[in-house]
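Reading the structure
Below, each chain spelled out in residue letters.
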Amino acid sequence: MIKMRFLFLLFAVLAVSGNAGAQSGIFGKKENLRDISGKCLKVVTDNNSFFNLSLRDAVEKNWKLCDVDFCTMEQFEELKCDTSYYFLMKVDGVFKKEREPAMEFLSLLKGGPQAEVSIENMYEVLTLPLNPIDDDGSSIVPYLGAYVNIIQTHILRVQKKKVAAVMGISWYSNRLSEIGGMKLLLNENDLSKNVTAEQAEEILGPDGSVENEDAVYEAIDSASENTLVSLCIAPQLGQQGSYCYKMLIGTDSGELFYYRKQKITGKSPKGFLADDLKKIAVYLKQDTAL
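Residues numbered from 1 in each chain as written. Predicted model: local features only at pLDDT ≥ 70, side-chain atom pairs only at ≥ 80, totals over all residues. Heavy atoms only, no water.

Turning our eyes to something else, we now look at the overall build of the chain. Looking only at helices and strands, one finds 9 helices and 10 strands in the chain. A buried classification covers 56% of the 290 residues belonging to the chain. A total accessible area of about 12,800 Å² is found for the chain, and carbon and sulfur atoms account for 47% of it. (Helix = DSSP H or I, 4+ residues; strand = E, 2+ residues; numbered from the N terminus. Buried < 20%, exposed > 50% of the residue type's maximum accessible area, 1.4 Å probe, protein only. Areas by Shrake-Rupley, 256 points an atom, 1.4 Å probe, with all protein chains shown as cover.)

Backbone geometry follows two general trends: most residues other than glycine have a negative phi, and most peptide bonds adopt the trans configuration. Its identity is not glycine, yet Ala223 carries a phi of approximately 50°, on the positive side. Mapped onto the fold, Ala223 is located in the loop between helix 8 (213–221) and strand 8 (227–233). The phi angle at Asn226 is positive, at roughly 50°, despite the residue not being glycine. Mapped onto the fold, Asn226 is located in the loop between helix 8 and strand 8. Given the relative accessible area of 40%, Asn226 is considered partly exposed.

With that settled, consider the environment of Tyr258. Take Tyr258: it is sitting in strand 10 (residues 255–263). In sequence terms Tyr258 and Ser173 are 85 residues apart; their C-alpha atoms lie 5.3 Å from each other. The residues touching Tyr258, leaving out its near neighbours within four places in the chain, are Tyr172, Leu176, Lys246, Met247, Leu248, Phe272, Asp276 and Ile280. Looking at Tyr258, its side chain comes within polar contact range of the side chain of Asp276, at 2.9 Å. (Contact = heavy atoms within 4.5 Å. Polar contact = N/O pair within 3.5 Å; in protein donor to acceptor, adjacent residues only side chain to side chain.)

Here we come to the sheet that holds strand 8. What the 5 strands build is an open sheet, ordered 7-6-8-9-10; its pairing is mixed. Strands at the two margins of the open sheet, each flanked by one partner only, are strand 7 (208–211) and strand 10. Here the strands of the sheet are splayed against their neighbours by 20° on average, with no regard to which way each runs. Alignment of strand 8 against strand 9 (residues 243–250), held across 6 bridges, turns out to be antiparallel. Bridge pairing in strand 9 places Leu228 opposite Gly250. Most of the contacts of helix 8 go to strand 6 (residues 183–187), to which it runs at about 135°, and overall it touches strand 6, strand 7 and strand 8. (Pairing = 2+ DSSP bridges. Axes fitted to C-alpha atoms, helices over the stretch in contact; angles between N-to-C directions.)

Running from N to C, helix 7 (residues 197–204) and helix 9 (residues 274–284) cross one another at 30°; their axes reach a closest spacing of 8 Å. As summarised for this structure, helix 7 and helix 9 are arranged roughly parallel, according to the angle between their axes. In contact with Ala200, Ile203 and Leu204 of helix 7, helix 9 contributes Ala274, Leu277, Lys278, Ile280, Ala281 and Leu284. Grouping the amino acids of the contact of helix 7 with helix 9 by side-chain chemistry returns 8 nonpolar, no polar and 1 charged. (Parallel < 35°, antiparallel > 145°, perpendicular 65-115°, else oblique. Nonpolar A, V, L, I, M, F, W, Y, C, P; charged D, E, K, R; others polar.)

Have a look at this one:
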């Protein structure tokens, strides 16, 4: 498993949902990513762990934008300054107030000479939260195919809309207007401890249901039509300054429709809160055809 420990100031900014202004310094470079078809995607995997084998499989099955190859961390260090490559890799993240890394992220980075200074200087296409730092990564494996598709869809979006490049992950914090007419399967494990399954279903109404993880995984595997599934990723043991990440993913579209980064506190524990569900419910009930 690849681990790179560094002060996570760069990715802390990238993960702020709904705050494009704070990210303009990082995403200000005009990249349209239209060169990717002539490049090679290097997937950095250092061993044959279940996660790395699953990531390899997900990329082989889903990646379509350019040639794909796989490399070790040592090879990445040799190739990172080469503009012929994009790199998909796992990184650790540390926020300002955290004492140590609490989360791992999956990041697509563009090779270039700026990498000689540090990885933080590389152009970053998109970063998605993966799992707690002390997790073996198995919990995110069912979502890896969706992650690959989300990254690909983002690249295609950036090629058409520069604003998506400027905003990065925060572009996905305000897409609920597009979920009308869809069905939401909310993983019971993604609920905040302050919300029961019965309360969640009452808030969501007939278009949303709380399901066990097997039902959610089946919807992902079968690419259920017009269906959303939830995903919440958070440190197992929260520390001061820790965050959780809440997402809604389209099982048939390769789209991320909701992204929220939330600071974990006593009043706002990790997981989908009642306020999240109320906001989502408003848009679930809307008919996008109107």
